Number of protein chains: 2
Amino acid sequence: MKKYQLMAPGPTPVPSEVLLAMAQPMIHHRTPEYDALFAEVRAGLKTLVQTEQEVLPLACSGTGAMEAAVVNTLSAGDRVAVVRAGTFGERWIEICRAFRLDVLELAAPFGQTVPAERVAAALRAEPRLRAVLVQHSETSTGVLHDVRGYAAVTRASDALLIVDAVSSLGIADLPMDAWGVDVVVAGSQKGLMLPPGLGFCALGDRAWARTRTSTLPKYYLNLTEERRCVVKNEAHFTPAVSIVVGLRQVLRMLEREGLPNVFRRHDRLARATRAGAEALGLALFARATPSPAVTAVVAPPGVDSERIVAAYAAAHNITIAGGQGEMKGTLFRLGHMGYAAELDVIVALAALEQVLADLGQPVDFGAGVRAAQKVFAEKA
Amino acid sequence: MKKYQLMAPGPTPVPSEVLLAMAQPMIHHRTPEYDALFAEVRAGLKTLVQTEQEVLPLACSGTGAMEAAVVNTLSAGDRVAVVRAGTFGERWIEICRAFRLDVLELAAPFGQTVPAERVAAALRAEPRLRAVLVQHSETSTGVLHDVRGYAAVTRASDALLIVDAVSSLGIADLPMDAWGVDVVVAGSQKGLMLPPGLGFCALGDRAWARTRTSTLPKYYLNLTEERRCVVKNEAHFTPAVSIVVGLRQVLRMLEREGLPNVFRRHDRLARATRAGAEALGLALFARATPSPAVTAVVAPPGVDSERIVAAYAAAHNITIAGGQGEMKGTLFRLGHMGYAAELDVIVALAALEQVLADLGQPVDFGAGVRAAQKVFAEKA
């Protein structure tokens with residue numbers, strides 16, 4: 001018997017108590033029960049996103065919420081800048097181009113980042129830029145971009161800062177209001193420990209003002225209409241009821257742990273994972289601030305990283321992820337977000353040692369595990 | 001103790017075996033497990049929609065799938081006809097107008113239908129009509145529109161027939177290919193006995209041809225890209241994994257019962273509900289072919305139908321639905337779709353008798369129940 005373990009960078013494991021909450025009989029979304037549930041969820045989401053604004057849940061995946069951010073705040077022909085340093089940066093570009101925006105690519109080699117100063121320079125050079133679109137955590141490379149820095153420079157311009165926080169909400173600190181982020185986009189299946197199917201958008205005042213002039217067509221993802229309903233504890237269209245039920249449970253768990261502790265936990269898991277991989281002689285893919293959500297590791301020379309992913313599955317019944325797009329074959333990714341604890345990292349690293357040995361690589365058994373344990377032994 | 005019963009026209013109750021299937025540990029969507037699961041789901045959906053085409057699941061609610069049908073097959077400025085005889089007909093109009101289509105309203109008083117001949121006349125009068133958009137079952141009024149007739153007349157024209165089957169799929173017979181329906185749209189939370197959060201679109205050859213010239217902007221709901229992934233047992237974006245897991249279970253249940261039996265069951269439940277309401281002296285709202293999914297009943301003179309809805313909840317812990325939009329206060333709706341059986345109808349009618357009596361209406365206790373039982377006693 002091999003226990004199934006989900007260690008990919010999303011979807012992430014769903015805690016049993018959340019699974020069981022979602023397995024309760026279906027309720028209707030226009031009832032006092034749902035009203036009370038949704039009121040609690042609204043308050044919890046504001047705490048989580050660290051904002052006074054409404055956080056709007058949408059029945060869609062993270063990409064749908066990304067699209068919602070674009071179509072509600074921008075207009076065809078608008079010039080926008082996109083930080084492109086991974087697959088999800090490319091997704092912003094694809095979305096913007098699909099809606100006929102004029103994209104300035106601020107590109108960095110995958111694994112690296114774009115410094116805030118480069119964004120500031122772009123804003124100075126092109127004052128008509130209407131938005132800067134970025135990832136907080138770029139899931140494909142394991143890099144955390146400098147959202148705080150981007151916010152400082154966009155606040156000083158007319159451009160909105162639109163942040164994909166799909167793999168950072170509830171993982172890395174992102175105080176939306178304090179930093180002055182204009183739009184935060186998230187999804188249910190990463191730090192929120194839920195099944196995929198729920199996206200989130202939170203808009204600041206500057207972004208809400210922009211919705212009044214946005215000419216892009218929208219209906220299902222119309223956030224103005226959604227907010228009109230949400231403030232009454234309703235949803236514009238039938239919500240993903242079961243996932244919202246699970247969300248209440250998750251928000252209670254996160255509140256119990258305390259948001260600063262949640263961020264600290266993810267930071268420790270990420271540091272331990274990196275230390276373990278490096279102790280095994282492997283290189284990390286991130287050449288900039290690493291993400292606390294996911295660690296991208298470069299496969300040893302001569303080894304296709306897809307073989308490592310396959311060996312994790314075949315020998316250990318563990319799902320990890322390979323590289324996306326141009327990174328396929330060169331790196332593998334270990335997720336440590338959401339319902340993830342110290343011993344999960346130990347399991348991932350012990351399995352990695354065995355996988356490498358099985359693939360004929362020289363391995364000092366226990367070296368990766370030991371390096372992680374040393375991180376965990378540090379005073380929190 | 002009062003057992004909670006969900007008898008609204010969606011979301012509908014989810015069978016325990018489906019809830020438990022969805023409560024299994026989360027799996028990743030790029031694994032052999034999901035591949036096998038999705039292959040089975042794809043085949044089952046084709047059987048259910050009675051088509052050779054791919055039925056594309058989307059992580060969105062039914063309205064998102066309606067929007068997908070529009071934005072993939074039409075272009076801004078296109079002239080389209082919409083059968084408007086209820087709230088969901090109005091929704092088609094809202095979606096079309098949001099995407100700047102030019103809408104010809106084929107309106108009928110709510111509770112009535114638009115005969116196929118009127119659609120044929122519109123197509124003759126305006127040969128440049130690019131599509132006819134209709135509901136199969138108009139959930140707000142409890143009317144079943146003549147999709148077969150509409151299909152016959154649209155096939156003879158250049159217009160596509162786009163059918164919202166959200167509250168008819170797995171409830172009323174809708175052989176997509178045999179009738180020549182161009183687009184079928186559905187959702188998870190009605191006949192499919194699942195939580196809301198999954199939409200479906202199936203396109204026929206004429207509709208796929210139209211996608212190649214459609215100029216409306218789209219990304220998240222791009223069906224061409226979705227199909228490219230689905231034929232490889234993948235999803236373009238992270239799918240609503242848990243609901244897809246539940247869907248496999250539902251498709252097995254429906255296959256076991258047999259599609260003709262599923263349709264017969266719904267027809268019997270609907271006839272029994274109507275017979276029961278009429279035996280209690282209540283008028284049915286539908287003045288055309290009634291829907292097998294939902295029965296809209298007119299409240300007795302002088303009684304606000306919202307009081308009936310509230311009394312069902314307060315006295316019996318049963319969720320039914322009131323009237324939507326202009327019908328609010330005048331009618332209430334009993335759902336009998338999906339995971340619904342004969343004795344559920346008996347419960348709904350017995351509770352109705354007690355509710356009416358509590359509201360001071362004269363009631364012949366048992367008369368509604370008896371009328372339903374007589375329907376059930378007929379040879380199947």
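What you see is a predicted model, and the numbers here were worked out from it, not measured in a lab. (Residues numbered from 1 in each chain as written. Chains lettered and ligands numbered in written order. Predicted model: local features only at pLDDT ≥ 70, side-chain atom pairs only at ≥ 80, totals over all residues.)

Participant: Let's hear about the overall build of chain A: which residues, and what values?
Facilitator: Broken down by element type, chain A carries 14 helices and 14 strands. Taken against the 2.2 N^0.38 rule, which gives 21 Å for 380 residues, the C-alpha radius of gyration of chain A at 21 Å falls within 12% of a compact globule. For chain A, the spread of C-alpha atoms along the principal axes amounts to about 60 × 55 × 35 Å. Evaluated residue by residue, chain A yields a buried proportion of 57% over its 380 residues. Excluding contacts between residues fewer than 6 apart, the proportion of contacts in chain A whose partners are at least 24 apart in sequence is 71%. (Helix = DSSP H or I, 4+ residues; strand = E, 2+ residues; numbered from the N terminus. Rg over C-alpha atoms; globule rule 2.2 N^0.38 Å. Buried ≥ 20, exposed ≤ 12 C-beta atoms within 10 Å, placed from the backbone. Contact = placed C-beta atoms within 7 Å.)

Participant: Just give me the short version of the interface of chain B and chain A, but keep the residues and values in it.
Facilitator: On the side of chain A, 43 residues touch chain B, which itself brings 43 residues to the contact. Breaking the side of chain B that touches chain A down by element, the ones donating at least two residues are α1 (16-22), α3 (62-73), α4 (87-98) and α10 (241-257) of chain B. The leading source of residues in the side of chain B that touches chain A is α3(B), at four residues. Tallied by class, residues from the side of chain B that touches chain A come to 28 nonpolar, 11 polar and four charged. (Nonpolar A, V, L, I, M, F, W, Y, C, P; charged D, E, K, R; others polar.)

Participant: Mind laying out the relation of the copies chain B and chain A, listing which residues take part and the relevant values?
Facilitator: Note on the identical chains: chain B maps onto chain A by a rotation of 180° and an axial translation of 0.0 Å, with an RMSD of 0.0 Å. The two molecules are tied by a two-fold rotation axis, judged by turn and shift. Taking C-alpha positions as reference, the residue of chain B nearest the rotation axis is Cys60(B), located at 2.4 Å. The share of interface residues of chain B whose copies in chain A are also at the interface is 100%, consistent with both copies meeting through the same surface. (Least-squares fit on C-alpha atoms with pLDDT ≥ 70 in both.)

Participant: Pulling in residues and values, what's your account of the nonpolar core?
Facilitator: The biggest cluster of nonpolar side chains holds 266 residues, and the ones touching the most others in it are Val184(A), Val185(A), Cys201(A), Val184(B), Val185(B) and Cys201(B). In this structure Val185(B) touches Gly62(B), Ala65(B), Met66(B), Ala69(B), Val163(B), Asp164(B), Ala165(B), Val166(B), Phe200(B) and Cys201(B), once residues within four positions along its chain are discounted. (Core = buried A, V, L, I, M, F, W, Y, C linked by C-beta atoms within 7 Å.)

Participant: Account for the domain arrangement of chain A, with residues named and values stated.
Facilitator: Residues and elements named next belong to chain A. Each assigned domain of chain A is listed here: domain 1 (5-11 + 259-377) and domain 2 (16-256). One C-alpha centre belongs to domain 1, the other to domain 2, and the line joining them spans 27 Å. With 26 residues of domain 1 at the interface, the matching set in domain 2 holds 26 residues. Mapped by element, the contributors of at least two residues to the side of domain 1 that touches domain 2 are α11 (259-279) and β11 (294-298). (Domains from an automatic or database assignment.)

Participant: Please give an account of the pairing of strand β3 (residues 79-84) of chain B that cites residues and values.
Facilitator: Residue and element names in this part refer to chain B. The buried count for β3 comes to five of six residues, which makes it a mostly enclosed element. Sheet topology places β3 next to strand β4 (residues 102-107); six bridges connect them, and they run parallel. When the sheet's bridge partners are listed, Ala 81 is paired in β4 with Leu 104. Strand direction decides the pairing type here: β3 and strand β5 (residues 131-135), joined by three bridges, are parallel. (Pairing = 2+ DSSP bridges.)

Participant: For the sheet that holds strand β13 (residues 321-322) of chain B, give the residues involved together with the corresponding values.
Facilitator: Residue and element names in this part refer to chain B. As summarised here, the arrangement of the three strands in space is β11-β14-β13, forming an open sheet in which the pairing is antiparallel. Each edge of the sheet is formed by a strand with only one pairing partner; in this case those strands are β11 (294-298) and β13. Pairing analysis gives five bridges linking β11 to strand β14 (residues 331-335), with the strands arranged antiparallel. Bridging across to β14, Val 298 finds its partner in Leu 331.

Participant: Quick rundown of α10(B)? Include the residues and the values.
Facilitator: Residue and element names in this part refer to chain B. With 17 residues, α10 should cover 24 Å at 1.5 Å per step; its first-to-last C-alpha distance of 25 Å lies within 8% of that length. Among all positions in α10, only Val 241, Ser 242, Ile 243, Val 244, Val 245, Gly 246, Leu 247, Val 250 and Leu 251 are buried. Looking at the buried positions of α10, the neighbouring elements they touch are α1, α2 (32-49) and β2 (55-58). Once α10 finishes, Gly 258 follows within two positions and takes phi at roughly 90°, a positive value. (Expected span 1.5 Å × (residues − 1).)

Participant: Mind laying out the sheet that holds strand β8 (residues 160-164) of chain B, listing which residues take part and the relevant values?
Facilitator: All names here are of chain B. Pairing in this open sheet of seven strands is mixed, and the strands run β2-β10-β9-β8-β5-β3-β4 from one edge to the other. The sheet is open, and its two borders are formed by β2 and β4, each paired with just one other strand. Each adjacent strand pair in this sheet contributes to an overall mean axis angle of 20°, direction not counted. Contacts between α3 and the sheet are confined to β2, β5, β8, β9 (183-187) and β10 (199-203), with β9 contributing the most and set at about 160° to the helix. (Axes fitted to C-alpha atoms, helices over the stretch in contact; angles between N-to-C directions.)

Participant: So what's going on with the packing of helix α2 (residues 32-49) of chain A against helix α10 (residues 241-257) of chain A? Which residues, and what values?
Facilitator: Residue and element names in this part refer to chain A. The contact between α2 and α10 brings their axes to 9 Å, and the two run at 45°. Between α2 and α10, the angle is such that the two are oblique. Viewed along their axes, α2 and α10 form a crossing whose handedness is left-handed. Contacts between α2 and α10 involve Leu 37, Phe 38, Glu 40, Val 41, Gly 44 and Leu 48 from the former and Val 244, Val 245, Leu 247, Arg 248, Leu 251, Leu 254 and Glu 255 from the latter. In the contact of α2 with α10, the residues fall into nine nonpolar, one polar and three charged. (Parallel < 35°, antiparallel > 145°, perpendicular 65-115°, else oblique. Left-handed = near helix turned anticlockwise from the far one by under 90°.)

Participant: So what's going on with the pairing of strand β2 (residues 55-58) of chain A? Residues and values would help.
Facilitator: Residue and element names in this part refer to chain A. Alternating residues of β2 divide into Val 55 and Pro 57 and Leu 56 and Leu 58, and every residue in both groups is buried. As judged from the four bridges shared by β2 and strand β10 (residues 199-203), these two strands associate in the antiparallel manner. Pairing of Leu 58 across the sheet is with Gly 199, part of β10.

Participant: Just give me the short version of unusual backbone geometry, but keep the residues and values in it.
Facilitator: Residues and elements named next belong to chain A. That bond from Gly 10 to Pro 11 is cis: its omega, -10°, falls within 30 degrees of zero. Mapped onto the elements, Pro 11 comes out in the loop between β1 (5-6) and α1 (16-22). The backbone of Arg 100 shows a phi angle near 60°, a positive value even though the residue is not glycine. According to the C-beta neighbour criterion, Arg 100 is partly exposed, with 13 such atoms within 10 Å.

Participant: Kindly report on the environment of Gly204(B), identifying the contributing residues and their values.
Facilitator: Residue and element names in this part refer to chain B. Here Gly 204 is to be found in the loop between β10 and α8 (205-211). For Gly 204, a count of 20 C-beta atoms within 10 Å gives the class buried. Along the primary structure Gly 204 and Gln 5 are separated by 199 residues, whereas in three dimensions their C-alpha atoms are 38 Å apart. The residues contacting Gly 204, other than those within four sequence positions of it, are Gln 53, Met 176, Val 181 and Asp 182.

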